[in-house]
Amino acid sequence: QVQLVESGGGLVQAGGSLRLSCAASGSIFSINDMGWYRQVPGKQRELVAAITRGGSTNYADSVKGRFTISRFNAKNTVYLQMNSLKPEDTAVYYCNADAISYEETGIATYWGQGTQVTVSS
């Protein structure tokens, strides 16, 4: 199994910055794509940013130019640098990874437990 643990959420004023981290652990053979999603009550979880193992990135239009996703493959870690935060960025942020573990056949999608980000106006 693969476990994902997020950290770095919290309360920040509009215009401020936060950096989220997500570390994968367990019986990892390899990790392919990693990403960050967010969800607010009553709405579907949405993609914020994703990054391939090779470093190609993809962002939601609402965060382009403000958020940066990066990863450190040697430590199975993905980061989300969030700048110029807005109240509408308030959500629970979830880490996501497509990984192959030693215990299972094929690629499976794993999720972290989520971390709250609250942006006050």
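Check the entry above for the structure.
This section reports on the structure supplied with the text. (Residues numbered from 1 in each chain as written. Predicted model: local features only at pLDDT ≥ 70, side-chain atom pairs only at ≥ 80, totals over all residues. Heavy atoms only, no water.)

So, the sheet that holds strand S1 (residues 2-7)
Then, number 1: Spatial ordering of the open sheet is given by S1-S3-S8-S7, a layout of four strands whose pairing is antiparallel. Two strands close off the open sheet at either side, each with one partner strand: S1 and strand S7 (67-72). For this sheet, the mean inter-axis angle between neighbouring strands, taken without regard to orientation, is 15°. (Pairing = 2+ DSSP bridges. Helix = DSSP H or I, 4+ residues; strand = E, 2+ residues; numbered from the N terminus. Axes fitted to C-alpha atoms, helices over the stretch in contact; angles between N-to-C directions.)

What about the state of the cysteines?
Then, number 1: A full pass over the atoms with the stated rule returns one disulfide.
Then, number 2: Paired through a disulfide, Cys22 and Cys95 show a sulfur-sulfur distance of 2.0 Å. With the S-S bond torsion at -80°, the cross-link from Cys22 to Cys95 turns out left-handed. Taken together, the residues Cys22 in strand S3 (residues 18-26) and Cys95 in strand S9 (residues 91-101) connect sequence positions 73 residues apart.
Then, number 3: The class for Cys22 is buried, based on a relative accessible area of 0%.
Then, number 4: The exposure class of Cys95 is buried, given its relative accessible area of 0%. (Disulfide = S-S within 2.5 Å. Buried < 20%, exposed > 50% of the residue type's maximum accessible area, 1.4 Å probe, protein only.)

Topic: the packing of aromatic side chains
Then, number 1: As enumerated under the stated definition, the model contains two aromatic pairs in all.
Then, number 2: Between the aromatic rings of Phe29 and Tyr102, the centroid separation amounts to 5.5 Å while the plane-to-plane angle is 85°, which identifies the pairing as edge-to-face. Here the residue Phe29 occupies a position in strand S4 (residues 28-39), and Tyr102 occupies one in the loop between S9 and strand S10 (108-111), the gap between them amounting to 73 residues.
Then, number 3: For Tyr102, a relative accessible area of 60% gives the class exposed.
Then, number 4: When the centroid spacing of 5.0 Å and the interplanar angle of 65° are considered together, the rings of Tyr37 and Trp111 count as edge-to-face. Taken together, the positions of Tyr37 in strand S4 and Trp111 in strand S10 put the pair 74 residues apart, joining distant regions of the chain.
Then, number 5: Residue classification places Tyr37 among the partly exposed residues on the basis of a relative accessible area of 22%.
Then, number 6: Here the basic side chain of Arg19 rests over the ring of Tyr79, its NZ or CZ set 4.1 Å away from the ring centre. (Phe/Tyr/Trp six-rings, centres within 6.5 Å; stacked < 30°, edge-to-face > 60°. Lys NZ or Arg CZ within 6 Å of the ring centre and 35° of its normal.)

Observations regarding the nonpolar core
Then, number 1: The biggest cluster of nonpolar side chains holds 32 residues, and the ones touching the most others in it are Trp36, Leu80, Met82 and Tyr93.
Then, number 2: Setting aside residues no more than four positions away along its own chain, Met82 makes contact with Gly16, Ser17, Leu18, Leu20, Arg66, Phe67, Tyr93 and Val117. (Core = buried A, V, L, I, M, F, W, Y, C linked by side-chain atoms within 4.5 Å. Contact = heavy atoms within 4.5 Å.)

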